[in-house]
Amino acid sequence: MKLTESGAVMSSNAYYLIFTVILLAAVLFTVMIGHSRTNKEGNPEYDNKTKGNWSRLTYFYVIAIALGVLALIIYVVNRTSM
């Protein structure tokens, strides 16, 4: 652990917590938008193509999560080695 500019010590667990909260919020808001009335009225075909939609969303999230975890690991490793 290192001191921040303000002199406080911030552990790696805080970064993991922030990352997890952002990830869960992204998943929650994506599902909320997908099931919103506005989306269904604006794109009535959305419900007819659920398999393709969920497949694309799943691929996107798998890639985004993998890259996010990799970036977090690189950041934490570089931060602790300073």
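Structure's up top.
Residues numbered from 1 in each chain as written. Predicted model: local features only at pLDDT ≥ 70, side-chain atom pairs only at ≥ 80, totals over all residues. Heavy atoms only, no water.

Novice: Explain the overall build of the chain here, please?
Specialist: Within the chain one finds three helices and zero strands. Reading the chain from its N end, one meets helices and strands in the order α-α-α. Within the chain, buried positions represent 11% of all 82 residues. Long-range contacts, defined as pairs at least 24 residues apart, comprise 51% of the intrachain contacts of the chain with a sequence gap of at least 6. When the accessible surface of the chain is summed, it comes to about 6,600 Å², and 69% of that surface belongs to carbon and sulfur atoms. (Helix = DSSP H or I, 4+ residues; strand = E, 2+ residues; numbered from the N terminus. Buried < 20%, exposed > 50% of the residue type's maximum accessible area, 1.4 Å probe, protein only. Contact = heavy atoms within 4.5 Å. Areas by Shrake-Rupley, 256 points an atom, 1.4 Å probe, with all protein chains shown as cover.)

Novice: Just checking my understanding: could you explain the packing of aromatic side chains for this structure?
Specialist: Remark: the centre distance and the inter-plane angle together describe each pair of aromatic rings, the angle taken between the planes. A full pass over the atoms with the stated rule returns one aromatic pair. Seen in terms of ring centroids, Phe60 and Tyr61 are 5.7 Å apart; in terms of plane orientation they differ by 75°. Their pairing is edge-to-face. According to the relative accessible area criterion, Phe60 is exposed, its value standing at 53%. (Phe/Tyr/Trp six-rings, centres within 6.5 Å; stacked < 30°, edge-to-face > 60°.)

Novice: Just checking my understanding: could you explain the environment of Trp54 for this structure?
Specialist: Turning to its location among the elements, Trp54 is positioned in helix 3 (residues 50-80). According to the relative accessible area criterion, Trp54 is partly exposed, its value standing at 45%. Residues within four places of Trp54 in sequence aside, it is in contact with Val31 and His35.

Novice: Just checking my understanding: could you explain helix 3 for this structure?
Specialist: Since the α-helix advances by 3.6 residues per turn, residues separated by three or four positions end up pointing in the same direction. Along its 31 residues, helix 3 runs 44 Å from first to last C-alpha, staying within 8% of the 45 Å computed at 1.5 Å per residue. Among the residues making up helix 3, those that are buried are Asn53, Tyr61, Gly68, Leu72, Val76 and Arg79. Next to the buried residues of helix 3 lie helix 1 (12-34). (Expected span 1.5 Å × (residues − 1).)

Novice: Can you walk me through helix 1 in this structure?
Specialist: A rise of 1.5 Å per residue sets the reference length of helix 1, with its 23 residues, at 33 Å; its end C-alpha atoms lie 33 Å apart and thus fit the reference within 8%. Listing the buried residues of helix 1 in full gives Ser12, Tyr15 and Gly34.

Novice: Before we go on, may I ask you to explain a nonpolar patch on the surface in this structure?
Specialist: A cluster of nonpolar side chains, namely Leu28, Phe29, Met32 and Ile33, defines an oily patch on the protein surface of about 420 Å² accessible area. Structurally, Ile33 is set in helix 1. (Patch = residues over 30% accessible without salt bridge, like charges linked within 9 Å, V, L, I, M, F, W, Y side chains within 5 Å. Salt bridge = Lys/Arg side-chain N within 4 Å of Asp/Glu carboxyl O.)

Novice: Would you explain the packing of helix 1 against helix 3 in this entry?
Specialist: When two helices pack together, their arrangement is captured by the angle between the axes and the distance separating the axes. Following both chains from N to C, one finds helix 1 and helix 3 inclined at 165°, their axes separated by 11 Å at the closest point. By the angle between their axes, helix 1 is roughly antiparallel relative to helix 3. In this structure, helix 1 meets helix 3 at a crossing whose hand is right-handed. Mapping the contact onto sequence places Ser12, Tyr15, Tyr16, Phe19, Leu23, Ala26, Val27, Thr30 and Val31 in helix 1 and Trp54, Leu57, Tyr61, Ile65, Gly68, Val69, Leu72, Tyr75, Val76, Arg79 and Thr80 in helix 3. Here the residues of the contact of helix 1 with helix 3 sort into 15 nonpolar, four polar and one charged. (Axes fitted to C-alpha atoms, helices over the stretch in contact; angles between N-to-C directions. Parallel < 35°, antiparallel > 145°, perpendicular 65-115°, else oblique. Left-handed = near helix turned anticlockwise from the far one by under 90°. Nonpolar A, V, L, I, M, F, W, Y, C, P; charged D, E, K, R; others polar.)

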